[in-house]
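# Structural characterization, general
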Amino acid sequence: MKHIGLRKGILFVGLILGGALVPVFVESSYWLHVFTMAYFYGLMAATWSFLDGYAGQFSFANIALLLIAGYTSALLAKHTGLPFLLNLIIGIIASGVIGLFIGYLCLRFKGAYLALFTIAFSEGIRIIINTEHQVTRGPAGLHADAFFDTTSKVPYYYLIFIILVISIFIMYRILRSKWGLFFMAIREDDEVASALGVNIVRYKIIAFVVTSIFCGVAGVFYTHFNQMLTPNFGEIATMGLVIGMAIIGGVENLIAAMLGGILLEFGLESLRELGAWRMVAFGGLLMIVVRFARNGLLAPLYRKLIGEEL
Amino acid sequence: MYGLDYFFMQGANGLVIGCLYALMALGLTLIFSVLKVVNFAHGEFYMIGGYMSYFLVTLVGGVNPFLGVLFGMVVLLVIGSTFDYLFLRPMHRGEVDRPGEYAILLTFGLSFFLQNLVLAVAGPFPHRTPSFMEGGVRIGAISISADRLIAAGLALALMLALLTFIKLSWTGMAMRAVSQDQDAASVAGINPLRMSNIAFAIGAALAGASGALIAPIFGIVPDVGVLPSIRSFIIVVLGGMGSIKGAILGGIIIGLVESMGAAFIPDMSRALAYRQLYGLMIFVIVLLFRPRGLFGEAQ
């Protein structure tokens, strides 16, 4: 036990120190941008791991929830005089509330039905945003205010880095608590979990709401970082990226899924000249990993190094 | 605001397009009933069908568009059978944990792979296969293009052929046996792995046929399959997962609802966009109040 704690300490402190020092060594604003987006995808992959990998709820709605938070925040900033921070918080609450609603519906939908419902829900949100262009500016995209009054990428780097560390810390603590055990019991068999006294209604909804809040956090960051939000980002393909990253990293391990998101975004960005072919490779890799390495590529490594599941 | 003629017109269009929806949904429901798998790559099978027909007819040149449809179906038989053999077989054998999620991930991974493959090869620009036949038919106030009529007619013919195959042929009966009880079927000397493979291949080919038939009407781009696949999900949930009758009737109902529903929104561009949402509303209502759909078996 002691050794596990020590190894984990070394890994986590190493990752955090390494991350904190990146802007000291990386001066190119292009690569800082790539780092920032990589952390963003790391966070999204972690939200998907939280919901699917632990609670066993296969949802396509994460990106739609992100859009809801982003559009809410950007529209509030445009039409009201509310303080900037309040817009962000309301945006995050909005995606949390929609997550509550989906969580409530999912009590009746299991497995593939939930996936079907959330895929249709996501497309519905995208179609509404696309169509109501008087409000959302449609496919042209909605402009959003920047977080910082500077062109430097360094403040954004630290902002997403701190968001990522705090979000992962909170999700990690939840998953390591008895809630995490309840989630996994539901994932394995919700009827058995229920028979053993797990309040599955409550914990399924909690899993959805927590996931949605972190999707909202990622959403308001994405919106005010890129200063632009388009419904195109809500295409199923984006969700495919997030799911693929979590799966290839290892969906049943929060840290591995997050690292999968970070590393794959780097990989995709470095191979930019390959154009659409890198996505072909990504899709192929996803299929091969699911078929031959169901636990992902990083999760088994984590287990070997640390000696514990999470 | 709209005359009676308009409703007849929309109704006729809805029926015609509903036949094509039904054909695609029939493939999805066939796969579900035999494999117990929801195929998330169904929209991409539809898209590939359209592209294959386009490639054969325009690139080879001088080929009859009907042969293009056939070619699309053959390619999808091969893709479907190969995919099932390589990726789904361990699941049929009961060798994977959480098989439901495994199937979603693999079919969704395939959809991501195929969509980007076509994007890489053919580019993002729309293509259109040449018409089956120029002109159209006019009955009273209703006029429908020949392409639509031919597409709907062929869709009906394919559906009839499939129904006959399932009802009368030995393979069809064996597939039905596997869909009812896999263990009992294998005791009776049926190879469930083989039946699953055939069902997946035929289901894929039906989606491909539907895409190839629609390609001359709407044209194709790499992500053209996304909305049709969601529509097929809605249709099979409405009709009842695994129900063939349900898929056909559901397809026609959704075709009619989309066409007629557009008339209730005055703004034209909104009407076009929001008819997708009618299906979504039906979907939620069915899932909440009658999850087994119109003809599905109770769980």
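Residues numbered from 1 in each chain as written. Chains lettered and ligands numbered in written order. Predicted model: local features only at pLDDT ≥ 70, side-chain atom pairs only at ≥ 80, totals over all residues.

### Topic: the overall build of chain B
For the record, the criterion: Put simply, DSSP H or I for four residues or longer makes a helix, DSSP E for two residues or longer makes a strand, and each gets a number counted from the N terminus. For the radius of gyration, the atoms used are the C-alpha atoms, and the globule rule reads 2.2 Å times the number of residues raised to 0.38. Remark: C-beta atoms are placed from the backbone, and a residue is labelled buried if 20 or more other C-beta atoms sit within 10 Å of its own, exposed if 12 or fewer do, or partly exposed between those counts. Residue pairs qualify as contacts under a 7 Å threshold applied to their C-beta atoms, which are placed from the backbone.
Along its length, chain B carries 11 helices and 2 strands. Computed over the C-alpha atoms, the radius of gyration of chain B is 19 Å, within 12% of the 19 Å expected from 2.2 N^0.38 for a compact globule of 299 residues. Oriented by its inertia axes, the alpha-carbon framework of chain B measures out at about 60 × 50 × 35 Å. Taken across its 299 residues, chain B has 54% of its residues classed as buried. Partitioning the intrachain contacts of chain B with sequence separation of at least 6 by distance along the chain shows that 76% fall at a separation of at least 24.

### Focus: the overall build of chain A
When you go through chain A residue by residue, the secondary structure sums to 14 helices and 2 strands. Principal-axis analysis of the C-alpha atoms places the extent of chain A at approximately 50 × 50 × 40 Å. The 310 residues of chain A split such that 49% are buried. The long-range share in chain A, meaning contacts at least 24 apart out of those at least 6 apart in sequence, stands at 80%.

### Things to note about the nonpolar core
Heads up, the condition is: For our purposes the nonpolar core covers buried Ala, Val, Leu, Ile, Met, Phe, Trp, Tyr and Cys residues that link as a set through C-beta atoms within 7 Å.
A:Val242, B:Leu20, B:Leu23 and B:Leu26 are the most contacted members of the largest nonpolar core, which totals 202 residues. In terms of residue count, the dominant contributor to this core is helix H1 (residues 4–35) of chain B (17 residues). Once residues lying within four places of it in the same chain are set aside, the contact partners of B:Leu26 are B:Met159, B:Leu162, B:Leu206, B:Ile244, B:Ala247 and B:Ile248.

### Some words on the interface of chain A and chain B
One frequent convention defines the size of an interface as the accessible area lost when the parts assemble. Residue-level contacts link 32 residues of chain A with 32 residues of chain B. Broken down by secondary-structure element, the contributors of at least two residues to the side of chain A that touches chain B are helix H5 (112–131), helix H11 (236–249) and helix H13 (276–292) of chain A. The element contributing the most residues to the side of chain A that touches chain B is H5(A), with 12 residues.

### Brief notes about helix H2 (residues 29–54) of chain A
Put simply, the rule is: In this scheme, a helix's expected span is set at 1.5 Å multiplied by one less than its residue total.
With 26 residues, H2(A) extends 36 Å between its outermost C-alpha atoms, agreeing within 8% with the 38 Å of an ideal straight helix rising 1.5 Å per residue. With its phi angle positive at about 70°, A:Gly56 sits one or two positions after the end of H2(A).

### Considerations on the confidence of the model for chain A
We apply this condition: Predictor confidence is given residue by residue as pLDDT, running from a minimum of 0 to a maximum of 100.
On average, residues of chain A carry a pLDDT of 91, and 99% of them reach 70 or more. When mean pLDDT is compared element by element in chain A, H13(A) scores highest at 95, while helix H6 (residues 133–136) of chain A scores lowest at 85.

### A short note on the pairing of strand E1 (residues 136–139) of chain B
Residues and elements named next belong to chain B. Filter applied, for reference: Following DSSP output, two strands are said to pair if at least two bridges run between them.
Note that E1 and strand E2 (residues 142–145) share 4 bridges and pair antiparallel. Residue pairing in the sheet places Gly136 in a bridge with Ser145 of E2. In this structure, the hairpin formed by E1 and E2 is closed by a connection of 2 residues, where Gly140 is found at a positive phi of approximately 60°.

### With respect to helix H8 (residues 192–218) of chain B
Residue and element names in this part refer to chain B. Spanning 27 residues, H8 covers 38 Å between terminal C-alpha atoms, matching the ideal 39 Å at 1.5 Å per step. Burial within H8 is extensive, with 23 of its 27 residues counted as buried. Directly after H8, the chain includes Gly219, whose backbone phi takes a positive value near 80°.

### Structural notes on unusual backbone geometry
Even without glycine at this site, A:Arg137 takes up a positive phi of about 65°. Among the secondary structure elements, A:Arg137 is positioned in the loop between H6 and strand E1 (142–143). For A:Arg137, a count of 19 C-beta atoms within 10 Å puts it in the partly exposed group. Even without glycine at this site, B:Arg98 takes up a positive phi of about 45°. Its 16 C-beta neighbours within 10 Å are what place B:Arg98 among the partly exposed residues.

### Things to note about the environment of B:Asp181
Tracing the backbone through its elements, the reader meets B:Asp181 in the loop between helix H6 (170–180) and helix H7 (182–187). Sequence-wise, B:Asp181 and B:Val34 are 147 residues apart; in three dimensions their C-alpha atoms are separated by 9.5 Å.

### Section: the packing of H1(B) against helix H10 (residues 244–261) of chain B
Residue and element names in this part refer to chain B. Put simply, the rule is: Axes here refer to lines fitted to C-alpha atoms; in helices the fit is confined to the stretch in contact. Angles between the N-to-C directions go from 0 to 180 degrees. For any helix crossing, the convention is left-handed if the near helix is rotated counterclockwise from the far helix by under a right angle, and right-handed if that rotation is clockwise. Amino acid classes used here: Ala, Val, Leu, Ile, Met, Phe, Trp, Tyr, Cys and Pro are nonpolar; Asp, Glu, Lys and Arg are charged; the rest, including Gly, are polar.
Where H1 meets H10, the closest approach of the two axes is 6 Å, and the angle between their N-to-C directions is 145°. Remark: the crossing between H1 and H10 carries right-handed chirality. A class-by-class count of the residues in the contact of H1 with H10 yields 15 nonpolar, 10 polar and 1 charged.

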